[in-house]
Amino acid sequence: MQLTIATWNINSLRLRQAHLHKLVAELSPDVICLQETKVPDELFPEGIAAAIGFPHVLKRGMKGYNGVAILSRLPLALAENTPDWCGKNDCRHISAQVATGAAPLIVHNFYVPAGGDIPDRAQNEKFAHKLDFLAETTAHFAAYPPHRAVLTGDLNIAPLEHDVWSHKQLLDVVSHTPVEVDGLNAWMAQGWHDAVRHFVPAEQKLYTWWSYRNRDWAASNRGRRLDHIWVTQDLTAGLQGYKILRAARDWEQPSDHVPVAVTLNV
């Protein structure tokens, strides 16, 4: 069967839930992975999922920060082996088994720590947390090699030279520093394949995030590719296409991230 999986850092589900109608109209996804939902589970707006035709919902949220959710047209079940990363219980990961016929598909939805502003472990606890998070995810998937799986989310790292507007100027800026890139690449090496760059050459600029600080984000186009979709090696032959919904950055009260989707045969 063919499946389209979308990921979006919505930056407050309750504030921007109406935009999910537009996301569905533009991308026609079967599964939507959301990050930074910023809502505890008991206050999750269940009605929006039903309204857009996604009756199956798994969520893990907290008040005001972080939070992840998976919305699906297909039945979902919580997947096993979901650690409490760095022992913080801070709602940065949820994984699901998606019913796709004979064998389920595992979908991981991650919100990696942003890491603060100072790219130094000793000076910045947030940066240390980010590096520790990357090390733990790498070790976990080394111990539990993934198969028939998709990993999505705001990974808060732009790994390639052309995943940022200026490689040279951002080498010492959190999200593109060599130590973060090395950490992300080590994680991806545990059985994953970059599904978007599968279609887009590494020398081509590609962004999914534009800062609120830019008065005219489109004119300056100082973007970064922070949002990713990976698939396991056994699924690469089924990759059919991708979309980055750049127009979403101009929606009313937009998130600073835009939705990304990949279509594959599973």
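Note: the structure precedes this text.
Below is a short write-up of the structure. (Residues numbered from 1 in each chain as written. Predicted model: local features only at pLDDT ≥ 70, side-chain atom pairs only at ≥ 80, totals over all residues. Heavy atoms only, no water.)

## With respect to the overall build of the protein chain
Then comes step 1: Within the protein chain, the secondary structure is distributed over 7 helices and 14 strands.
Then comes step 2: At 17 Å, the protein chain has a C-alpha radius of gyration in line with the 18 Å of a compact globule built from 266 residues.
Then comes step 3: Summarising its shape, the C-alpha atoms of the protein chain cover approximately 45 × 45 × 40 Å along the three principal directions.
Then comes step 4: Buried residues in the protein chain amount to 56% of all 266 residues.
Then comes step 5: Of the contacts made within the protein chain by residues no fewer than 6 positions apart, 69% connect residues no fewer than 24 positions apart.
Then comes step 6: Approximately 11400 Å² of the protein chain is accessible, and the part contributed by carbon and sulfur atoms is 50%.
Then comes step 7: Computed over 25 positive and 28 negative side-chain charges, the inter-centroid distance for the protein chain is 5 Å. (Helix = DSSP H or I, 4+ residues; strand = E, 2+ residues; numbered from the N terminus. Rg over C-alpha atoms; globule rule 2.2 N^0.38 Å. Buried < 20%, exposed > 50% of the residue type's maximum accessible area, 1.4 Å probe, protein only. Contact = heavy atoms within 4.5 Å. Areas by Shrake-Rupley, 256 points an atom, 1.4 Å probe, with all protein chains shown as cover. Lys, Arg positive; Asp, Glu negative; His and termini not counted. Charge placed at Lys NZ, Arg CZ, Asp CG, Glu CD.)

## Quick notes on the environment of Val 39
Then comes step 1: By the element assignment, Val 39 lies in the loop between strand S2 (31-35) and helix H3 (46-51).
Then comes step 2: Under the relative-accessibility criterion, Val 39 is labelled buried at 1%.
Then comes step 3: Note: C-alpha distance between Val 39 and Leu 13 (26 residues apart in sequence) is 7.2 Å.

## Things to note about the sheet that holds strand S7 (residues 105-111)
By definition, the strands of a sheet pair up through backbone hydrogen bonds, in either a parallel or an antiparallel sense.
Then comes step 1: Spatial strand order, S5-S6-S7-S8-S12-S9: 6 strands in an open sheet with mixed pairing. Pairing within the sheet leaves two strands with one partner each, and these edge strands are strand S5 (76-78) and strand S9 (192-194). Taking the axes of each pair of neighbouring strands and ignoring which way they run, one obtains an average angle of 30° across the sheet.
Then comes step 2: The pairing of S7 with strand S8 (residues 149-154) spans 6 bridges and is parallel. The residue bridging Tyr 111 from the neighbouring strand is Asp 154, located in S8. (Pairing = 2+ DSSP bridges. Axes fitted to C-alpha atoms, helices over the stretch in contact; angles between N-to-C directions.)

## What about the nonpolar core?
Then comes step 1: If you look at the biggest cluster of nonpolar residues, it comprises 56 residues, and the most contacted ones within it are Leu 20 and Leu 71.
Then comes step 2: Non-local contacts of Leu 71, meaning those with residues more than four positions away in its chain, are made with Leu 20, Asp 30, Val 31, Ile 32, Leu 34, Phe 44, Ala 49, Ile 52, Phe 54, His 56 and Val 57.
Then comes step 3: Phe 127, Leu 134, Ala 149 and Leu 151 belong to the second largest nonpolar core, which has 20 residues in total. (Core = buried A, V, L, I, M, F, W, Y, C linked by side-chain atoms within 4.5 Å.)

## A closer look at unusual backbone geometry
Then comes step 1: Here Lys 38, not a glycine, exhibits a phi torsion of approximately 55°, which is positive.
Then comes step 2: Note that Lys 38 resides in the loop between S2 and H3.
Then comes step 3: By relative accessible area, which is 23% here, Lys 38 ends up partly exposed.
Then comes step 4: In this structure, Gln 253 takes a positive phi of about 45° despite not being glycine.
Then comes step 5: Mapped onto the elements, Gln 253 comes out in the loop between strand S13 (239-244) and strand S14 (260-265).

## Brief notes about the pairing of S2
Then comes step 1: Most of S2 is tucked away: 5 of the 5 residues are buried.
Then comes step 2: Neither face of S2 is left uncovered, since the one carrying Val 31, Cys 33 and Gln 35 and the one carrying Ile 32 and Leu 34 both have all their residues buried.
Then comes step 3: Here 5 bridges tie strand S1 (residues 2-9) to S2, and the two strands are oriented parallel to one another. Bridge pairing in S2 links Asn 9 to Gln 35.
Then comes step 4: The pairing of S2 with strand S4 (residues 68-72) spans 5 bridges and is antiparallel. Within S4, the residue paired with Gln 35 across the bridge is Val 68.

## A word on helix H6 (residues 178-188)
Then comes step 1: Glu 180, Val 181, Gly 183, Leu 184 and Trp 187 are the residues of H6 that are buried. The buried residues of H6 occupy an angular sector of 160° when the element is viewed end-on, so they sit on one face.
Then comes step 2: Next to the buried residues of H6 lie S7, helix H4 (125-143), S8, S9 and strand S12 (227-232). (Arc of directions from axis to C-beta.)

## Focus: the environment of Ile 52
Then comes step 1: Within the fold, Ile 52 resides in the loop between H3 and strand S3 (56-60).
Then comes step 2: A relative accessible area of 8% places Ile 52 in the buried class.
Then comes step 3: Taking the C-alpha atoms as reference points, Ile 52 and Asp 154, 102 residues apart in sequence, are found 22 Å from one another.
Then comes step 4: Contacts of Ile 52, omitting those with residues within four sequence positions, involve Leu 20, His 21, Val 24, Ile 32, Leu 71 and Arg 73.

## Quick word on the packing of aromatic side chains
Then comes step 1: The final tally for this structure, using the stated rule, is 11 aromatic pairs.
Then comes step 2: When the ring of Phe 199 is compared with that of Tyr 242, the centres are 6.0 Å apart and the planes differ by 20°; the resulting orientation is stacked. On the criterion of sequence distance, the pair formed by Phe 199 in the loop between S9 and strand S10 (209-210) and Tyr 242 in strand S13 is long-range, its members being 43 residues apart.
Then comes step 3: A residue is classified by how much of its surface remains accessible, and Phe 199, at 30% relative accessible area, is partly exposed.
Then comes step 4: We classify Tyr 242 as partly exposed; its relative accessible area is 29%. (Phe/Tyr/Trp six-rings, centres within 6.5 Å; stacked < 30°, edge-to-face > 60°.)

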